[in-house]
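Architecture at a glance
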Amino acid sequence: MMETMLRTQILLLCLMLLGFCYAATTWKPLFGGLGSSLSLRLYHLFILFTTIMLVTDLLGWVLDGRQDEGVHQILLAAHTIYYAIHALPTICYILYADQLLYQNPERLKRWAVPLIILAGLLALASLASPITGWFFHVDAQNVYTRGTWFIGYAVVQLLLLGASLIPLIGAAKKSTARTYWTLVFFPVIAFAGGLLQSLFYGLVLIWPVTTVFLVAAALNIQKNQIGIDHLTGISNRLLFDEMLNHHLHLQQGFGCILMDLDGFKQINDTLGHDAGDQALQEMARILRRVAGPKDIVARYGGDEFVILMHEASEYHLQDLVSRIELEVAMSNQSSKRPYLLSVSMGYAIFDSSLFSDDKNFMARLDGAMYEQKRSKLGNRK
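If you're wondering where the values come from, they're calculated on a predicted model, not measured in any experiment.

**Some words on the overall build of the chain**
- A tally of helices and strands in the chain yields 13 helices and six strands.
- The C-alpha radius of gyration of the chain comes to 27 Å, more than 25% above the 21 Å expected for a compact globule of 381 residues.
- Along the first, second and third principal axes, the C-alpha set of the chain runs to 95 × 45 × 35 Å.
- The 381 residues of the chain split such that 50% are buried.
- A separation threshold of at least 6 residues defines the contact pool for the chain, and within that pool the share at least 24 residues apart is 73%.
- Accessible area of the chain: about 18,700 Å², with a carbon and sulfur share of 64%.
- Seen as two clouds, the 29 positive and the 30 negative side-chain charges of the chain have centres 4 Å apart.

Rendered as structure tokens:
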């Protein structure tokens, strides 16, 4: 009785924490920012399936051995659902981690197909278990016991947890250290917890461990959401500075473009702040459209924008500058707005022999940007 009460309290606490995780990550910035991302949807599916696992596990423990009317059917349903979707939280983790690290739809598809097939086969065997006793058995006294194929089922789950390490191999430089080590925590600790829980019936480890990971991931997501500019939906100065320092720490070649909207004050003064906001939003859409999937597009401040290019070369940097100019020109041709967009840019590849730190690097870009702006003003005269 004491064991059931303790387990019930732990599972209820986990459910409350999952409620916090969902509430803390449902904020959606304007114009399709992080809130609409695939990684966030996978994270929410992870929460959903973990919640179902906790509820069915809780029902199994609270009702085990009870003789009340209808309990037998509830127990059969709870244990069937538990076994049928047991793999889905781990599958969601694998897809979530891969999307977060690589942001590659083709790579994600290669993961998704075999994982969905595996989940389907396990679900079919689970649905048959109330009759066959393959994974579990509930006797006439409503007492649960493990089935004849339980060990094989547990081995598959542990192998799946082991496979969840694959997206992490060699990916430490693809994200911040905080995000990467949070991702590492789940497969390592969950594997140990799952192994102990399989060997010693009655231990409650894997779902509390999963909940702890989801809480840590929620805090990371919240931190990233703090780095979103509310008006444009792109990153803000806070997140840009963090990612710039991350790239400087890695000591690898990267490029940066700092840009300023020409005539923005005139748009605000003559057409109003709503028109000014629309100009900023349109510029943000253009930059998101031309930037690469790993590039950081941010509003640097006021009417200034910046793109941080991941592992860029001089050729890629020049190509992106040309595409920005082309997209701005095409936007002006197709739009009926009462103003034209124009942007001045300063850009460079970071070289530690030329730039002592981030301030020195950004000052160089700022100087080049305003030199181009002055050149434009001189040509108009």
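What follows picks up the thread again.
**Regarding the packing of helix α2 (residues 38–63) against helix α4 (residues 88–102)**
- Two elements in contact, α2 and α4, have axes separated by 9 Å at closest approach and are oriented at 165°. In terms of orientation, α2 and α4 fall into the roughly antiparallel class. Every pair of crossing elements has a handedness; the one defined by α2 and α4 is left-handed. Along its contact with α2, which presents Leu38, Ser39, Leu42, Tyr43, Leu45, Phe46, Phe49, Thr50 and Met53, the element α4 presents Leu88, Pro89, Cys92, Tyr93, Leu95, Tyr96, Gln99 and Leu100.
- Taken together, the residues of the contact of α2 with α4 break down into 14 nonpolar, three polar and no charged.

**So, the environment of Tyr153**
- Here Tyr153 shows up in helix α6 (residues 150–163).
- Separated by 34 residues in sequence, Tyr153 and Pro187 have C-alpha atoms that sit 18 Å apart.
- Setting aside residues no more than four positions away along its own chain, Tyr153 makes contact with Tyr82, Tyr83, His86, Leu122, Ser126 and Phe135.

**Thoughts on the pattern of salt bridges**
- The tally for this structure, following the rule as stated, stands at 13 salt bridges.
- Measuring nitrogen to oxygen at the nearest pair gives 2.5 Å for the salt bridge that ties Asp262 to Lys373. Remark: Lys373 occurs in helix α13 (residues 358–380) and Asp262 occurs in the loop between β3 (255–261) and α10 (264–271); sequence separation between them is 111 residues.
- Note on Asp262: relative accessible area 11%, which makes it buried.
- Look at Lys373 and you get buried, because its relative accessible area is 15%.
- For Glu327, the salt bridge identified is with Arg289, shortest N-O distance 3.2 Å. Of this pair, Glu327 sits in helix α12 (residues 314–334) while Arg289 sits in helix α11 (residues 273–290); the two residues are 38 residues apart in sequence, bridging distant segments of the chain.
- With relative accessibility at 48%, the residue Arg289 sits in the partly exposed group.
- Salt bridges here are not isolated pairs; linked through shared partners, they connect Asp260, Asp262 and Lys373.

Thresholds applied
- Residues numbered from 1 in each chain as written.
- Predicted model: local features only at pLDDT ≥ 70, side-chain atom pairs only at ≥ 80, totals over all residues.
- Heavy atoms only, no water.
- Helix = DSSP H or I, 4+ residues; strand = E, 2+ residues; numbered from the N terminus.
- Rg over C-alpha atoms; globule rule 2.2 N^0.38 Å.
- Buried < 20%, exposed > 50% of the residue type's maximum accessible area, 1.4 Å probe, protein only.
- Contact = heavy atoms within 4.5 Å.
- Areas by Shrake-Rupley, 256 points an atom, 1.4 Å probe, with all protein chains shown as cover.
- Lys, Arg positive; Asp, Glu negative; His and termini not counted.
- Charge placed at Lys NZ, Arg CZ, Asp CG, Glu CD.
- Axes fitted to C-alpha atoms, helices over the stretch in contact; angles between N-to-C directions.
- Parallel < 35°, antiparallel > 145°, perpendicular 65-115°, else oblique.
- Left-handed = near helix turned anticlockwise from the far one by under 90°.
- Nonpolar A, V, L, I, M, F, W, Y, C, P; charged D, E, K, R; others polar.
- Salt bridge = Lys/Arg side-chain N within 4 Å of Asp/Glu carboxyl O.

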